[in-house]
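# Summary of the model geometry
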Amino acid sequence: MGLPEILQMMLAKSPPASLRLSVDQSALASNWRALDHMSGTALAGAAVKADCYGLGVEACVPALRDAGANEFFVAHWSEVSDVARHVPPAQIAVLHGPLIDADVAYACATGAVPVINSLEQAIRWAGGGGGRCHVMVDSGINRLGLSPADLADPAIARLDIDILMSHLACADEDSAMNARQLARFQQITPQVNHRRLSLANSAGVALGSKYAFDLTRPGLSLYGGIPRPELAEVIRQVATPQAALIQTRQISAGDSVGYNATFTATHAMRIGVVSLGYADGILRAWSGAHFKYGECELPILGRVSMDMIVIDLSAAPDLREGDWVELPYFLPTAAQQTTLSQYELLTLLGTRLK
Ligand SMILES: *Cc1c(COP(=O)(O)O)cnc(C)c1O
């Protein structure tokens, strides 16, 4: 291709796609406010890692900011710049912490705040200039964070710690582990200078005010996840995959549909093809579920086949090519339907949807 063709290509606007993710920003804001309210005197932050659990930083972070959130948590340093387009870097905490010297340099250059998870990270941070940081201490999940035994190390005493935090392993269950982690966290906190304390994730917010401390860190429930029954009344659905019919056809009794021909029509029927599939996060586990057009249920026929799904149009016979249908994505029900977790259902949603 010569330069004129490349320019022409770049200037051409790609036409609207036949699939999209509807993100209900007012539900998102309402979920943050509900979690903030349930956090009592503590303020709710927002876990926005993994591109806001798959829903998109662009669509979510401004709505969370405008609702009142002012502490944002990402996992990787590579996630900082997208979030920093919408909020001050000093409000962005990087959960994985400074793993290499380049992370320290990046933190100093941008103002994003590291979460220190080990003595090595504490030394690396102080060695690179240091400054305000957060500290993750392990209270029993044995994932990321300093062991309580490490807290007496002089490398920790040298840190300027804003938030001292820990993470719950089983807050979505009525497990004795919750009270054990709470007790261990309470034991740990007087040993370290800090300005604020934080323990609860989404499910932890529902465990009551003892778990809230100064700041809660909901993620899943901001985006519509309901990990505990206490949240069912207050959390609204945020994400809904929608797709246009890209073809309709009439089939006869005996005709089969899709990969491996797992569905065979017992009578003549009108069917439609939607352009959603594996790469969009709509896995084979959705076979047996249905789409909706308004109140009409449109069952999925056979297998999800790569990036297409065939649905039964009997309940809405007037639907034509180009009409939009949606996949009910109420997370507790969808999790039961697919045996995927609510976390997986959100983070799987593919980039073509956005
Ligand atoms: C992801 C994460 C959260 C949010 O947890 P949810 O269960 O999604 O509410 C909070 N804190 C830390 C440290 C996390 O990694």
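Residues numbered from 1 in each chain as written. Predicted model: local features only at pLDDT ≥ 70, side-chain atom pairs only at ≥ 80, totals over all residues. Heavy atoms only, no water.

## Observations regarding the nonpolar core
- Counting 95 residues, the largest nonpolar core has Val48, Leu55, Leu64, Tyr223, Trp286, Phe291 and Ile311 as its most contacted members.
- Ranked by residue count, the leading element in this core is helix α4 (residues 57-67), at 6 residues.
- Both of domain 1 (24-224) and domain 2 (239-353) provide at least three residues apiece to this core.
- Discounting residues that sit within four places of it in the chain, Trp286 has contacts with Gly281, Ile300, Val304, Leu327, Pro328, Tyr329, Ala334, Gln337, Thr338 and Leu345. (Core = buried A, V, L, I, M, F, W, Y, C linked by side-chain atoms within 4.5 Å. Buried < 20%, exposed > 50% of the residue type's maximum accessible area, 1.4 Å probe, protein only. Helix = DSSP H or I, 4+ residues; strand = E, 2+ residues; numbered from the N terminus. Domains from an automatic or database assignment. Contact = heavy atoms within 4.5 Å.)

## Description of the pairing of strand β16 (residues 296-305)
- Sheet topology note: the strand β15 (residues 290-293)/β16 ladder contains 4 bridges and is antiparallel. Its bridge partner lying in β16, Phe291 is registered against Leu298.
- Strand direction decides the pairing type here: β16 and strand β17 (residues 308-312), joined by 3 bridges, are antiparallel. In the strand pairing of β17, Ser305 is matched with Met308.
- Hairpin remark: β16 followed by β17, antiparallel, with 2 residues in the connecting loop; positive phi at Met306, about 55°. (Pairing = 2+ DSSP bridges.)

## Here we look at the domain arrangement of the protein
- Domain annotation of the protein identifies domain 1 (24-224) and domain 2 (239-353).
- One C-alpha centre belongs to domain 1, the other to domain 2, and the line joining them spans 37 Å.
- For the pair domain 1 and domain 2, the two sides together bury roughly 710 Å², of which 69% comes from carbon and sulfur.
- Of all residues in domain 1, Tyr53, Leu55 and Leu220 bury the most surface against domain 2, accounting for 59% of the area lost on that side.
- At the boundary of domain 1 and domain 2, one finds 0 salt bridges.
- Where domain 1 touches domain 2, the interface holds 1 residue pair in polar contact (both at pLDDT 80 or more).
- Looking at the side of domain 1 that touches domain 2 residue by residue, the classes come out as 4 nonpolar, 3 polar and no charged. (Buried area = accessible area lost by both parts, 1.4 Å probe. Salt bridge = Lys/Arg side-chain N within 4 Å of Asp/Glu carboxyl O. Polar contact = N/O pair within 3.5 Å; in protein donor to acceptor, adjacent residues only side chain to side chain. Nonpolar A, V, L, I, M, F, W, Y, C, P; charged D, E, K, R; others polar.)

## Some thoughts on the packing of helix α2 (residues 25-38) against α4
- Relative to each other, α2 and α4 sit at 45°, their axes nearing to 9 Å. Taken together, the axes of α2 and α4 lie oblique to each other. For the element pair α2 and α4, the recorded crossing hand is right-handed. From α2, Gln25, Leu28, Ala29, Trp32 and Arg33 reach across to α4, where they touch Ala59, Cys60, Ala63, Leu64 and Ala67.
- Across the contact of α2 with α4, the residue classes tally to 8 nonpolar, 1 polar and 1 charged. (Axes fitted to C-alpha atoms, helices over the stretch in contact; angles between N-to-C directions. Parallel < 35°, antiparallel > 145°, perpendicular 65-115°, else oblique. Left-handed = near helix turned anticlockwise from the far one by under 90°.)

## Details of the site of the ligand
- Residues in close proximity to the ligand total 14 residues, the closest being Lys49, Tyr53, Ser202, Leu220 and Tyr343.
- Tyr53 is positioned with one of its side-chain polar atoms (N or O) 2.6 Å from an oxygen atom of the ligand.
- Within the backbone of Leu220, an N or O atom sits 2.8 Å from an oxygen atom of the ligand.
- For the ligand, the accessible surface in isolation is 390 Å², of which the surrounding protein chains cover 94%.
- A majority-of-atoms criterion places the ligand in the largest pocket.
- Partitioned by chemical class, the residues of the shell around the ligand number 7 nonpolar, 4 polar and 3 charged. (Near = heavy atom within 4 Å. Areas by Shrake-Rupley, 256 points an atom, 1.4 Å probe, with all protein chains shown as cover. 1 Å grid on protein atoms, 1.4 Å probe; cavity = no way out; pocket = protein on both sides within 12 Å on 5 of 7 lines; lining within 4 Å. Sits in = over half its atoms within 2 Å of the grid points.)

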